[in-house]
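Understanding the architecture of this molecule
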Amino acid sequence: MVLFYFILSAFLFSVGLAIVITRKNAIFVLIGIELMLNAANLNFVAMSKSITLDGQFFALFVIVVAAAETAVGLAMVLKVFNYFKTVELDKINELKG
Amino acid sequence: MIDVLIYFFSALAAISALYILFTSNILYAAFALVITFLAIAILYILANADFVAATQIMIYVGGIVVVIIFGVMLTNKLVNSAPKSGSHNKFIAFIISGVLFTLLTFAILDMNLGALGVERGNIQSLGYGLMTNYLLPFEMAAILLLLALIGATVIVSQKNVKK
């Protein structure tokens, strides 16, 4: 069963990577990053065997960092939207307007 | 019985992740993300990680998805049209992620997982661990959350310079 968790985790990571590469919208890219973090978490939880539960602690800290990352990322997306009036990543192509 | 549940919810997570990949509507993608997170939480419970599952539901489904939906609503004009978004680089992405998945699958099937199993973990040992071995990362996580909160507020609330 642990093997099956690993394969599902690899699949979710690949799908998240494909979302990050293909999408033009910045919020879609954030969704893809969340999927990749969740895939890593699934590995950690599947590996947490010992009585010290190390994998579950790592999963908890990854969840905390993901929450912080999403908050700051969406703040930056809103700022970019205020300035460029779009969040399409291929139209945001200048550093100083 | 547990095996059947694991297969079912894994399929659910995989299908909703693929739906996020192929849909063009951002709100539909956000709600499919909820389904993915819930299925992964149930997989955590089936792997005897109850507290991580509860945390997953509270933070991801209750927090991050709500924040993402707020972002969608603040960056799209939802008056008459659905929030669509195109995609590009499809071929390159298919090649890269397909090759990555194949490599990872071969590596996983090559691993020696002989002694691995999942044991029962209870909340008591998690609490002891957070207060003893993992005290420093715990406090640093608290400071990181405070910094992210203040930073996000500062970034959004600055008056922007009109170009």
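Refer to the preceding data block for the structure.
First, a word on scope: everything that follows refers to the structure included in this document. Keep in mind that what you see is a predicted model, and the values were worked out from it rather than measured. (Residues numbered from 1 in each chain as written. Chains lettered and ligands numbered in written order. Predicted model: local features only at pLDDT ≥ 70, side-chain atom pairs only at ≥ 80, totals over all residues. Heavy atoms only, no water.)

**Observations regarding the interface of chain A and chain B**
Stated precisely, the cut-off is as follows: It only takes one pair of heavy atoms within 4.5 Å for two residues to be counted as in contact. Two parts placed together each lose some accessible area; with a 1.4 Å probe, that loss summed over both constitutes the buried area. Here, a salt bridge means any side-chain nitrogen of Lys or Arg that lies within 4 Å of a carboxyl oxygen of Asp or Glu. Numbering goes from the N terminus for both helices and strands, where a helix is a DSSP run of H or I of at least four residues and a strand is a run of E of at least two. In this classification, Asp, Glu, Lys and Arg are treated as charged, Ala, Val, Leu, Ile, Met, Phe, Trp, Tyr, Cys and Pro as nonpolar, and every other residue, Gly included, as polar.
Contact with chain A, which involves 69 residues of that partner, is made by 84 residues of chain B. Surface buried jointly by chain A and chain B totals about 6,900 Å² across both partners, of which 77% is contributed by carbon and sulfur atoms. Taken together, the links from chain A to chain B amount to zero salt bridges. For the side of chain A that touches chain B, the elements supplying multiple residues, two or more each, are helix 1 (2-22), helix 2 (26-47) and helix 3 (54-84) of chain A. Of the residues forming the side of chain A that touches chain B, the biggest block, 26 residues, is contributed by helix 3 of chain A. Grouping the amino acids of the side of chain A that touches chain B by side-chain chemistry returns 50 nonpolar, nine polar and ten charged.

**With respect to helix 6 (residues 135-157) of chain B**
Which entries qualify depends on this criterion: What a helix should span is 1.5 Å times the count of its residues minus one. Burial here depends on accessible area, computed with a 1.4 Å probe over protein chains only, as a share of the maximum for the residue type. Under 20% is buried, over 50% is exposed, and the range in between is partly exposed.
Over its 23 residues, helix 6 of chain B extends 33 Å from the first C-alpha to the last, a length consistent with the 33 Å expected when each residue adds 1.5 Å. Turning to helix 6 of chain B, its buried residues number three or more, namely Ala141, Ala148 and Ala152 of chain B. Tucked into the core, helix 6 of chain B has its buried residues touching helix 3 of chain A.

**So, a nonpolar patch on the surface**
All names here are of chain B. The criterion, for reference: Only residues whose relative accessible area exceeds 30% and that form no salt bridge are eligible for patches; like-charged ones are grouped when within 9 Å, while nonpolar side chains (Val, Leu, Ile, Met, Phe, Trp, Tyr) are grouped when within 5 Å. To be clear on the numbers: accessible area is Shrake-Rupley with a 1.4 Å probe, and residue cover counts the displayed protein chains and nothing else.
On the surface, a cluster of nonpolar side chains totalling about 740 Å² of accessible area is made up of Phe91, Ile92, Phe94, Ile95, Ile96, Val99 and Leu103. With respect to the element layout, Val99 can be found in helix 4 (residues 90-110). According to the relative accessible area criterion, Val99 is partly exposed, its value standing at 47%.

**Thoughts on the packing of aromatic side chains**
Filter applied, for reference: For Phe, Tyr and Trp, rings pair up if their centres lie within 6.5 Å, where Trp contributes its six-membered ring, and each pair is then called stacked (planes under 30 degrees apart), edge-to-face (over 60) or tilted (otherwise). Ring-over charges, as used throughout, are those where CZ of Arg or NZ of Lys falls within 6 Å of the ring centre and within 35 degrees of the ring normal.
This structure, assessed with the given rule, holds eight aromatic pairs over all chains. On the basis of an interplanar angle of 20 degrees and a centroid distance of 4.3 Å, the ring pair of Phe57 of chain A and Tyr134 of chain B is categorised as stacked. Of this pair, Phe57 of chain A sits in helix 3 while Tyr134 of chain B sits in the loop between helix 5 (123-131) and helix 6, each in a different chain. Each of the two residues, Phe57 of chain A as well as Tyr134 of chain B, counts as buried. Ring geometry for Tyr83 of chain A and Phe84 of chain A: centres 5.1 Å apart, planes at 75 degrees, overall edge-to-face. Assessed through its relative accessible area of 27%, Tyr83 of chain A is described here as partly exposed. Every member of this aromatic cluster is reached through a ring pair, and the members are Phe57 and Phe61 of chain A together with Tyr134 of chain B. One residue, Arg23 of chain A, lies across the ring of Phe28 of chain A, its end atom 4.2 Å from the ring centre.

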